[in-house]
Amino acid sequence: MRIIFSRKGFDSVAGGGASPIVASDSQWGRPISLPIPASGDLSRTTYGDLGLGEHAASASRGKIGAGDLCHHDPMFLGDSTAILGQCGAAQGHLAKQGVGRGDVFVFFGLFEGGGERQHHRIFGYLRVEEVAPLSGATQTDLERFLKLDHPHAIGMHSANDTLYVGEGITARQASPMLRLTAPEGPVAMWQRPPWLKRGEISYFPDRQANWPAPDRMYRVGNGQEFVTDIGDRERPREWLTQVIEAIRAF
């Protein structure tokens, strides 16, 4: 079994700011991940369609608004199903790491609000039940995703476009359990999951600078998909169960 830390949503480059944590019935507020802006003709969905126009305008300092198209991905449906599209080098990395059925994406992004400065936090998950390569897919197969206006079904982003489908939802509250950035910061200084050892996650070099203390790790670069193969180990499975429970809790 693999856990994939998957970076998604607004940041200082894509969108120009952090996704918001807004007031809610929860004591911690609710995180709302803003999809990144769309490029070309590969979207039919605006921020306004998703009810995110004001949030996008605020986070982007007015550069993006309700009428702008967004890359609505990952997509979370009302039946607790999620769909993630990936392509190019990032999809090549997922394929090389053997990501497939039974593996779990935990989506994280840059957030601020609710009294907290910018930080990385987990905002949703997807437990993979189906892997659907789009290259060579029949029109019938494509229609299944086209009727949802999924951007990777609207048009090929690269030759290896692939959709991951399965159980998944977004967090209803900004639980401290889902925060990745260490309290002292900076943003890229993460609280290391207690089961994760040096060299066990892709793209994180096995050197002291990236693992400065037993309970700290530095997130590297601007990669999208960071994969760790946990096999049958109990401790990471227990951690994952706690994360999913925190996402589902309200």
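Note: the structure precedes this text.
Residues numbered from 1 in each chain as written. Predicted model: local features only at pLDDT ≥ 70, side-chain atom pairs only at ≥ 80, totals over all residues. Heavy atoms only, no water.

1. Some words on the packing of aromatic side chains
Piece 1. For the coordinates displayed, the defined rule picks out 15 aromatic pairs.
Piece 2. Centroid distance F111 to F123: 5.9 Å. Interplanar angle 55 degrees. Geometry classified as tilted. Of this pair, F111 sits in strand β6 (residues 104-113) while F123 sits in strand β7 (residues 116-133); the two residues are twelve residues apart in sequence, bridging distant segments of the chain.
Piece 3. With 6.0 Å between their ring centres and 50 degrees between their planes, F204 and W211 make a pair best called tilted.
Piece 4. Take F204: its relative accessible area is 4%, and that puts it in the buried class.
Piece 5. Note on W211: relative accessible area 1%, which makes it buried.
Piece 6. Of the aromatic side chains, those joined through ring pairs into one cluster are F5, F108, W190, W195, Y203, F204, W211, F226 and W239. (Phe/Tyr/Trp six-rings, centres within 6.5 Å; stacked < 30°, edge-to-face > 60°. Helix = DSSP H or I, 4+ residues; strand = E, 2+ residues; numbered from the N terminus. Buried < 20%, exposed > 50% of the residue type's maximum accessible area, 1.4 Å probe, protein only.)

2. Focus on the layout of surface pockets
The gaps left among the atoms become clear once a water-sized probe is rolled over them.
Piece 1. Of the voids in this model, the largest pocket is the one considered here, and its volume is about 450 Å³.
Piece 2. Taken together, 19 residues make up the lining of the largest pocket; nearest its centre are I32, S33, F76, F123 and T170.
Piece 3. Here the lining of the largest pocket is composed, by residue class, of ten nonpolar, five polar and four charged.
Piece 4. Computed from the structure, the second largest pocket encloses a volume of approximately 380 Å³.
Piece 5. Taken together, 19 residues make up the lining of the second largest pocket; nearest its centre are K8, I36, H71, Q86 and Q224.
Piece 6. Its residues assigned to classes, the lining of the second largest pocket comprises seven nonpolar, eight polar and four charged. (1 Å grid on protein atoms, 1.4 Å probe; cavity = no way out; pocket = protein on both sides within 12 Å on 5 of 7 lines; lining within 4 Å. Points joined across faces, edges and corners; volume = space filled by probe spheres on them. Nonpolar A, V, L, I, M, F, W, Y, C, P; charged D, E, K, R; others polar.)

3. What to know about the nonpolar core
Piece 1. By size, the foremost hydrophobic cluster in this structure holds 28 residues, and its most contacted members are I3, F5, V106, I122, W239, L240 and I247.
Piece 2. Counting only elements with at least two residues in this core, the list comes to β1 (2-7), β6, β7 and α5 (234-248).
Piece 3. Ranked by the residues each element gives to this core, the list is headed by α5, at six residues.
Piece 4. Not counting residues up to four positions away in its chain, the partners in contact with L240 are M1, I3, V104 and V106.
Piece 5. In this structure, I4, A82, F105 and Y164 belong to the second largest nonpolar core, which totals 15 residues. (Core = buried A, V, L, I, M, F, W, Y, C linked by side-chain atoms within 4.5 Å. Contact = heavy atoms within 4.5 Å.)

4. Observations regarding the pairing of β6
Piece 1. Burial within β6 is extensive, with eight of its ten residues counted as buried.
Piece 2. Note that β1 and β6 share five bridges and pair parallel. Looking at the pairing, I3 lines up with V104 of β6.
Piece 3. One ladder, built from three bridges, connects strand β2 (residues 19-22) with β6; its direction is parallel. Note on β6: the bridge partner recorded for P20 is E112.
Piece 4. Sheet topology note: the β6/β7 ladder contains nine bridges and is antiparallel. Residue pairing for β7: G113 is matched across the bridge by E116.
Piece 5. Counting the residues in the hairpin turn of β6 and β7 gives two residues, including G114, whose phi is positive at 60 degrees. (Pairing = 2+ DSSP bridges.)

5. A few points about helix α3 (residues 139-146)
Piece 1. Listed as buried for α3 are L142, F145 and L146. Here the buried residues of α3 occupy an arc of 100 degrees about the axis, which is enough to place them on one side. (Arc of directions from axis to C-beta.)

6. A word on the pattern of salt bridges
Piece 1. For the coordinates displayed, the defined rule picks out 14 salt bridges.
Piece 2. Among the salt bridges present, the one from E116 reaches R179, with a minimum N-O distance of 2.2 Å. Placement of E116 in strand β7 and of R179 in the loop between β8 (162-167) and β9 (189-191) is noted, with a sequence separation of 63 residues between them.
Piece 3. Residue E167 is joined to R248 by a salt bridge in which the shortest nitrogen-to-oxygen separation is 3.8 Å. Here E167, found in strand β8, pairs with R248, found in helix α5; they are 81 residues apart in sequence, far enough to count as distant.
Piece 4. Through salt bridges with shared partners, one network takes in E116, R121 and R179. (Salt bridge = Lys/Arg side-chain N within 4 Å of Asp/Glu carboxyl O.)

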